[in-house]
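Remarks on the overall topology
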Amino acid sequence: MKNKIIEPAIRTHDIKYAVRDIVVLAKQVAKTGKEMLYLNIGDPNLFDFEPPKKIVEATYNAMLKNYNGYAPSSGIQSAVDAIEKEAERKNIKNIHDIFVTTGASEAIDICLTALINNGENVLTPTPGYPLYTAIQSKLQMMENPYYLNEENGWQPDIEDIKEKINEKTKAIILINPNNPTGSVTDEKTLLQIIDLAQEHNLVIFADEIYDKLLMDGKQHISIASLNSDVPVITFGGLSKNYMVPGFRIGWGIVSGNEVILKDYIEAINKLLRARLSANHPEQYAIPMALDGKDEHLKEVLAKLTRRRDMTVEMLNNVPGISCVKPEGAFYAFPKLHMQTPDSQFVAELISETGVVVVPGSGFGQVAGTNHFRVVFLPQEEVLEKAYKSIASFTEKFLERYENVTSK
Ligand SMILES: Cc1ncc(COP(=O)(O)O)c(C=O)c1O
């Protein structure tokens, strides 16, 4: 038959990635010549952040030395050793495997793929990073979202987690610090999650990609450091802490009871071998980055703290918007106190003001609530302009759709 439409696989039907999807609309608006203010992408290199020179040099030198072939499937030894040392600094004990991947994204994909069968489910933080739901759609898994409680600084809602566990639940994902809320999970909640994981035989997927980007002098606690028996895979990488998301370098650290983890580790390694290796020259950046010094962070955190403070203050001053103070990463997830869907708010915001944010619906949220995600990486002048635009737009929007006048 001629000209028959080529049907894509059903497993792709539900895949959404709001962070990039919104760019289509932003591009259309940009074409009209409007000045755009991008507060939508968590890429530090688009703003005034640069990686430490030594890690770029390490990669360049590796290329010059012609380390341009495939690497071992689990990563080069010096990188694996450096990640192990870093894990020790994070107080993670009982480690049985470490592997380097093409960004934490690939580690997450491989570890979910190696664990979950059709009909099984993984407790997934909501709001949370959309890669997790995209992979689950690809694996044609049932969704099992658990909520973060906005009234409690976006901490995971333990009662909700308890209610959502069923006999097909195999794992729980914890994103700490969280994207999109910037919340940092407290120790009490981490311990409660460990208890539930042990009681119900769950693997904990601990996404700690932002673990060095904590403000107000807060110290990060790795969930794996609190219990050496519970099975945990800790995901990390260079993208955010070291400002090289384009290197595509991440990793997974498997810790916990060796006996129960043995077969799962082998399954992960089969998938690691099948995809040959992660980027090779960039792996030489890992030992240079994870040397325990982290001199670049002082300036990074000073900038992020100033920009976070501005974000919270300016957005909380807008009638119709409230914003929980983020403690880590570079995201805030303000609430829209209105009935109109956040997707409409954001679409009109982009068209009318050129300010690009991502609708809360792209990250999951309690039904009936509306939010948007802000990336506060841009410089203060840009943020100030953007938040002023959001304020005047919100006033008009409330009058237009909600019959609310603040005058
Ligand atoms: C929570 C979270 N995990 C993982 C990733 C992806 O990290 P990588 O660049 O290492 O693939 C991101 C990127 O934004 C993220 O926000």
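Presented here is an overview of the structure given in this document. These numbers come from a predicted model, not from an experiment.

On to helix α2 (residues 53-64). In a regular helix each residue adds 1.5 Å, so 12 residues correspond to 16 Å; α2 covers 16 Å between its end C-alpha atoms and thus fits that length. Those residues of α2 that fall on the buried side of the exposure criterion are Ile55, Ala58, Thr59 and Ala62. Each buried residue of α2 sits inside an arc of 95° when the element is viewed along its axis, so together they form one side. More than 90 degrees from the buried face of α2, the exposed residues found are Lys53, Tyr60 and Leu64. At its buried positions, α2 is contacted by α9 (285-289). The positive-phi residue at the C-terminal boundary of α2 is Asn66, with phi of around 65°.

Applying the stated rule across the entire model yields 13 aromatic pairs. Ring geometry for Phe345 versus Phe372: centroids 5.8 Å apart, planes at 25°, classification stacked. Of this pair, Phe345 sits in helix α11 (residues 342-353) while Phe372 sits in strand β15 (residues 370-375); the two residues are 27 residues apart in sequence, bridging distant segments of the chain. Residue classification places Phe372 among the buried positions, given a relative accessible area of 0%. With centroids separated by 4.8 Å and ring planes inclined at 55°, the aromatic side chains of Phe397 and Tyr401 adopt a geometry described as tilted. On the criterion of helical spacing, the pair formed by Phe397 and Tyr401 is a turn pair, its members being 4 residues apart in helix α12 (residues 380-402). Among the aromatic side chains, those forming a connected cluster through ring pairs are Phe345, Phe372, Phe393, Phe397 and Tyr401.

The next thing to look at is the packing of helix α4 (residues 103-113) against helix α8 (residues 258-274). Packed helices, taken two at a time, are described by their axes: the angle between them and the distance between them. Packing of α4 against α8 leaves a shortest axis separation of 9 Å and a crossing angle of 125°. In terms of orientation, α4 and α8 fall into the oblique class. In terms of crossing hand, the pair formed by α4 and α8 is right-handed. Here Ile110, Cys111 and Thr113 of α4 lie close against α8, whose contacting residues are Tyr264, Ile268, Leu271 and Leu272. Here the contact of α4 with α8 is built from residues that sort into 6 nonpolar, 1 polar and no charged.

One can find Asp160 in helix α6 (residues 158-164). Since its relative accessible area comes to 11%, Asp160 is described here as buried. A distance of 2.8 Å separates a polar atom in the side chain of Asp160 from the backbone nitrogen of Tyr147. In contact with Asp160, not counting residues within four places along its chain, are Pro145, Tyr146 and Tyr147.

On a regular strand, each side chain points to the face opposite its neighbour's, so the side chains alternate between the two faces of the sheet. Counting buried positions along strand β9 (residues 249-255) yields 7 of 7 residues, so the element is predominantly enclosed. Residues Ile249, Trp251, Ile253 and Ser255 line one face of β9 and the alternating positions Gly250, Gly252 and Val254 line the opposite face, and both faces are buried. Two strands pair when backbone bridges link them, and strand β2 (residues 95-102) and β9 are joined in this way by 7 bridges, in the antiparallel orientation. Note that in β9 the partner of Thr102 across the bridge is Ile249.

The next subject is the pattern of salt bridges. Going through the model one piece at a time under the given rule, you end up with 27 salt bridges. Among the ionic pairs, Lys388 bridges to Glu384, the shortest N-O distance being 3.2 Å. With Lys388 and Glu384 both in helix α12, this residue pair falls 4 residues apart, about one helical turn. Judged by its relative accessible area of 35%, Glu384 falls in the partly exposed class. Salt bridges sharing partners connect three or more residues here, namely Asp48, Glu299, Lys303, Arg306, Arg307 and Glu380.

Moving on, we come to unusual backbone geometry. Residue Pro177 is reached from Asn176 by a cis peptide bond, and omega for that bond is 0°. Position of Pro177 relative to the elements: it lies in the loop between β6 (169-175) and α7 (187-200). Here Asp294, not a glycine, exhibits a phi torsion of approximately 50°, which is positive.

In this section: the packing of helix α10 (residues 297-316) against α12. As a packed pair, α10 and α12 sit with axes 10 Å apart at the nearest point and diverge in direction by 15°. Overall, the two elements α10 and α12 adopt an arrangement that is roughly parallel. Pair α10 / α12 crosses with right-handed handedness. The residues of α12 that touch α10, namely those facing Arg306, Arg307, Met310, Thr311, Met314 and Leu315, are Glu380, Leu383, Glu384, Tyr387, Lys388 and Ile390.

It is worth spelling out the environment of Ser74 at this point. Here Ser74 is to be found in the loop between α2 and α3 (77-89). The sequence separation of Ser74 and Ile22 amounts to 52 residues, and the corresponding C-alpha distance is 35 Å. Among the polar contacts made by the side chain of Ser74, one reaches the side chain of Asn269 at a distance of 3.5 Å.

With that out of the way, let us pick up the pairing of strand β4 (residues 144-149). Sheet analysis places strand β3 (residues 121-126) next to β4, joined by 4 bridges and oriented parallel. Bridge pairing in β4 places Leu123 opposite Asn144. With 2 bridges connecting them, β4 and strand β5 (residues 155-156) associate as antiparallel partners. Directly across from Leu148, in β5, lies its bridge partner Pro156. Counted between consecutive antiparallel strands, the loop separating β4 from β5 contains 5 residues, among which Gly153 sits at a positive phi close to 60°.

Conventions we followed
- Residues numbered from 1 in each chain as written.
- Predicted model: local features only at pLDDT ≥ 70, side-chain atom pairs only at ≥ 80, totals over all residues.
- Heavy atoms only, no water.
- Helix = DSSP H or I, 4+ residues; strand = E, 2+ residues; numbered from the N terminus.
- Expected span 1.5 Å × (residues − 1).
- Buried < 20%, exposed > 50% of the residue type's maximum accessible area, 1.4 Å probe, protein only.
- Arc of directions from axis to C-beta.
- Contact = heavy atoms within 4.5 Å.
- Phe/Tyr/Trp six-rings, centres within 6.5 Å; stacked < 30°, edge-to-face > 60°.
- Axes fitted to C-alpha atoms, helices over the stretch in contact; angles between N-to-C directions.
- Parallel < 35°, antiparallel > 145°, perpendicular 65-115°, else oblique.
- Left-handed = near helix turned anticlockwise from the far one by under 90°.
- Nonpolar A, V, L, I, M, F, W, Y, C, P; charged D, E, K, R; others polar.
- Polar contact = N/O pair within 3.5 Å; in protein donor to acceptor, adjacent residues only side chain to side chain.
- Pairing = 2+ DSSP bridges.
- Salt bridge = Lys/Arg side-chain N within 4 Å of Asp/Glu carboxyl O.

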